[in-house]
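Fold and contact review
Spelled out, the chains give:
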Amino acid sequence: MSSKKQPQEKTRLHARNRNRERYDLSALIQANPELATYVTPNKHGNDSVDFSNPVAVKTLNKALLNHYYGIKHWDFPDTNLCPPIPGRADYIHHIADLLCENNFGRIPTGDTITCFDIGVGANCIYPIIGVTEYDWQFIGSDIDPKSIASAQQIINANPSLKNKIECRLQKDPKDIFYGVIDREDKIDISICNPPFHASLEDAQKGTRRKIKNLSGKKVKTPELNFAGISNELICDGGEYKFITNMVRESEKFAKNCYWFTTLVSKQSNLKGIYKSLEKYKPNQVKTIPMGTGNKSSRIVAWTFLSEAEQKEWRTTRWKTKASK
């Protein structure tokens, strides 16, 4: 292992993110010895992982989850999306802050909080982080039965996740809340990382650009460095159409959920999303900036609950504890 290792804060990550500093590769290799195979000096002479290699990325993520989150068993088919852990953690921390704003400056923790993850995926990453960091309950939906089965296997294999996450199959890919959220369900916050691309060609173009940036190589038919089957990355109309459909459907579940939230990767989509929100008249809309590395993103959040309804919700559901 090279000794040329300088802790460097990733200042754009959330203050509570466990990966604000450069990865401690020695500690991560101790957590997952297999990672040593994929660590080599970069052009600056510092030990690094080849982020253009999907196997290396997945192996690194296993080490991160083991070392920082105590998740010993995390596996899923290589064809499924392998998420970048720090970025996923940032979303969870930012929505915790959103709840904190409505709870007298304290993050509500424990099983009184239920989070709905739209598109839990085979990797189950958002519930893993939310359960570990804040002890929340989760409902995770997905349109792919194999992804649901994979997420359930991860839950079953890790004692800290058992009885904290419920997986529900969305049988109609056109629906988001219908079919998986019951009328009696109460969701404190919903999260969504929508499919980004509108077509396979669009996805491949983006991947070619990413691989060129990471490795300097041009690749005609690229292998996704974070993998991902088509329904995880692609939907008709891309991110914009998915989110506007979500906004439309959320209005029908206005009393079931305190905050609806979604990631919005493309800034150019914001104007149309705001216009869609205006049509359905939520009581509040917030935009929360996020950034990881060189990438900027944001969370758009909205609630239909009146001030009186929000107060009643907090009083009846949230048993306030101090956050970690």
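Analysis parameters
- Residues numbered from 1 in each chain as written.
- Predicted model: local features only at pLDDT ≥ 70, side-chain atom pairs only at ≥ 80, totals over all residues.
- Heavy atoms only, no water.
- Buried < 20%, exposed > 50% of the residue type's maximum accessible area, 1.4 Å probe, protein only.
- Helix = DSSP H or I, 4+ residues; strand = E, 2+ residues; numbered from the N terminus.
- Arc of directions from axis to C-beta.
- Salt bridge = Lys/Arg side-chain N within 4 Å of Asp/Glu carboxyl O.
- pLDDT = per-residue confidence, 0-100.
- Contact = heavy atoms within 4.5 Å.
- Axes fitted to C-alpha atoms, helices over the stretch in contact; angles between N-to-C directions.
- Parallel < 35°, antiparallel > 145°, perpendicular 65-115°, else oblique.
- Left-handed = near helix turned anticlockwise from the far one by under 90°.
- Nonpolar A, V, L, I, M, F, W, Y, C, P; charged D, E, K, R; others polar.
- Pairing = 2+ DSSP bridges.
- Right-handed = clockwise from strand over helix to strand, strands pointing away.

A few points about helix α9 (residues 270-280)
- Residues of α9 that are buried include every one of Leu-270, Gly-272, Ile-273, Ser-276 and Leu-277, and no others. End-on view of α9: buried residues confined to an arc of 165 degrees, all on one side of the axis. Exposed residues pointing more than 90 degrees away from the buried face of α9 are listed as Lys-271, Lys-275, Glu-278 and Lys-279.
- Where α9 terminates, the next one or two residues include Lys-281, which has phi positive at roughly 55 degrees.

Focus: the pattern of salt bridges
- Following the criterion strictly, the structure yields 12 salt bridges and no others.
- The partner of Arg-16 in a salt bridge is Asp-97, and the shortest N-O contact between them spans 2.8 Å. Here Asp-97 lies in helix α3 (residues 85-101) and Arg-16 lies in the segment before α1 (25-31), a separation of 81 residues in the sequence.
- Overall, the relative accessible area of 28% leaves Arg-16 in the partly exposed class.
- The class of Asp-97 is partly exposed, set by a relative accessible area of 23%.
- In the salt-bridge network here, residues are joined through shared partners; they are Lys-58, Lys-62, Asp-75 and Asp-78.

Side note on the confidence of the model for the protein chain
- For the protein chain, per-residue confidence averages 86 on the pLDDT scale, and 81% of positions sit at 70 or higher.
- Within the model, pLDDT remains below 50 along residues 210-215, and this stretch shows 13 contacts once partners closer than five positions in the same chain are excluded.

Some remarks on the packing of helix α8 (residues 238-250) against α9
- Two numbers describe how α8 lies on α9: the axes approach to 9 Å, and their chain directions differ by 15 degrees. In terms of axis orientation, α8 runs roughly parallel to α9. The handedness of the crossing between α8 and α9 comes out as right-handed. Between α8 and α9, the residues in contact are Tyr-240, Ile-243, Thr-244, Val-247 and Arg-248 and Gly-272, Ile-273, Ser-276, Leu-277 and Tyr-280, respectively.
- Among the residues making up the contact of α8 with α9, the classes are represented as 6 nonpolar, 3 polar and 1 charged.

Quick word on the pairing of strand β9 (residues 295-303)
- Burial analysis of β9 places 7 of its 9 residues in the buried class, which makes it a mostly covered element.
- In the sheet, strand β7 (residues 257-264) pairs with β9 via 5 bridges, with the strands oriented antiparallel. Across the sheet, residue Thr-262 finds its bridge partner in β9, namely Val-300.

Overview of the pairing of strand β4 (residues 137-142)
- Most of β4 is tucked away: 5 of the 6 residues are buried.
- Note that strand β3 (residues 114-118) and β4 share 5 bridges and pair parallel. Pairing of Asp-117 across the sheet is with Gly-140, part of β4.
- Of the crossover connections in this fold, the one passing from β3 over helix α4 (residues 125-134) to the parallel β4 is right-handed.
- Here β4 pairs with strand β5 (residues 165-169) via 5 bridges, running parallel. From the neighbouring strand, Ile-139 faces β5, where its bridge partner is Glu-166.
- Considered for its hand, the β-α-β crossover made up of β4, helix α5 (residues 145-157) and β5 is right-handed.

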